[in-house]
Amino acid sequence: MTAVQMGLTVAVCAAATMVTRFLPFLIFSGKDQQPPEAVQYLGRVLPAAIFGMLVVYCLKNVTPLEGSRGIPEALALLATVALHKWKHQTLLSIAGGTLCYVLLVQLVF
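Numbering of residues starts from 1 in each chain and follows the order in which that chain's sequence is written. Local features in this predicted model are restricted to residues whose pLDDT is 70 or higher, and side-chain atom pairs enter the listing and the counts only when it is 80 or higher, whereas totals over whole chains, interfaces and linings include all residues. Processing note: side-chain calculations cover all non-hydrogen atoms of the structure and skip hydrogens and water entirely.

J.: Is there a simple way to explain the packing of helix H3 (residues 71–87) against helix H4 (residues 90–108) in this structure?
T.: Axes are the key here: two packed helices are described by the angle between their axes and the distance separating the axes. Where H3 meets H4, the axes come as close as 8 Å, and the angle between the chain directions of the two elements is 155°. With respect to each other, H3 and H4 are oriented roughly antiparallel. Relative to H4, the crossing made by H3 is right-handed. Residues Pro72, Glu73, Leu75, Ala76, Ala79, Thr80, Leu83, His84 and Lys87 of H3 pack against Thr90, Leu92, Ser93, Gly96, Gly97, Cys100, Tyr101, Leu104 and Val105 of H4. Basically, the charged four are Asp, Glu, Lys and Arg, the nonpolar ten are Ala, Val, Leu, Ile, Met, Phe, Trp, Tyr, Cys and Pro, and anything else, Gly included, counts as polar. Looking at the contact of H3 with H4 residue by residue, the classes come out as 10 nonpolar, 6 polar and 2 charged. Only the stretch in contact is used when a helix axis is fitted, and all axes are lines through C-alpha atoms; the angle between N-to-C directions ranges over 0 to 180 degrees. Numbered from the N terminus, helices here are DSSP runs of H or I no shorter than four residues, and strands are runs of E no shorter than two. Should an angle fall under 35 degrees it is called roughly parallel, over 145 degrees roughly antiparallel, and 65 to 115 degrees roughly perpendicular, with every other angle called oblique. In this scheme, a crossing is called left-handed if the near helix is turned counterclockwise away from the far one by less than a right angle; it is called right-handed if the turn is clockwise. Only heavy atoms enter the contact rule, under which two residues are in contact if any of them lie within 4.5 Å.

J.: Sorry, what's going on with the packing of aromatic side chains here?
T.: Aromatic ring pairs are described here by two measures, namely the spacing of the ring centres and the angle between the planes. When two rings of Phe, Tyr or Trp (its six-membered ring) have centres within 6.5 Å they constitute a pair, described as stacked for plane angles under 30 degrees, edge-to-face for angles over 60, and tilted for the intermediate range. According to the stated counting rule, one finds 0 aromatic pairs in the structure shown. Charge-over-ring placement is defined geometrically: NZ (Lys) or CZ (Arg) within 6 Å of the ring centre, and within 35 degrees of the ring normal. For Lys87, the ring lying beneath its charged end belongs to Trp86, and the centroid distance is 4.6 Å.

This is the structure we're talking about:
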């Protein structure tokens, strides 16, 4: 790929990303316009669904019969849940659980 082609590819990807991010705000920018009920429903349920998918993805390779038998993963998962119940901050929960897991794997197990 030439430098011009790479530049055009990056520009097209950036434009497509910006359009998909800004389009909903442009469509529903009127004061009297409300998003459709389906969009409101997805806004309520998708964050929990994505978080559930993240948990499944993170735990898919844990084998209870090998290594530390999933102990660091279980402890990090408990720390994530506890942080989320305590502070209700998704980013804090994810960062805290990740930090807990990394520390357990590097220093304990």
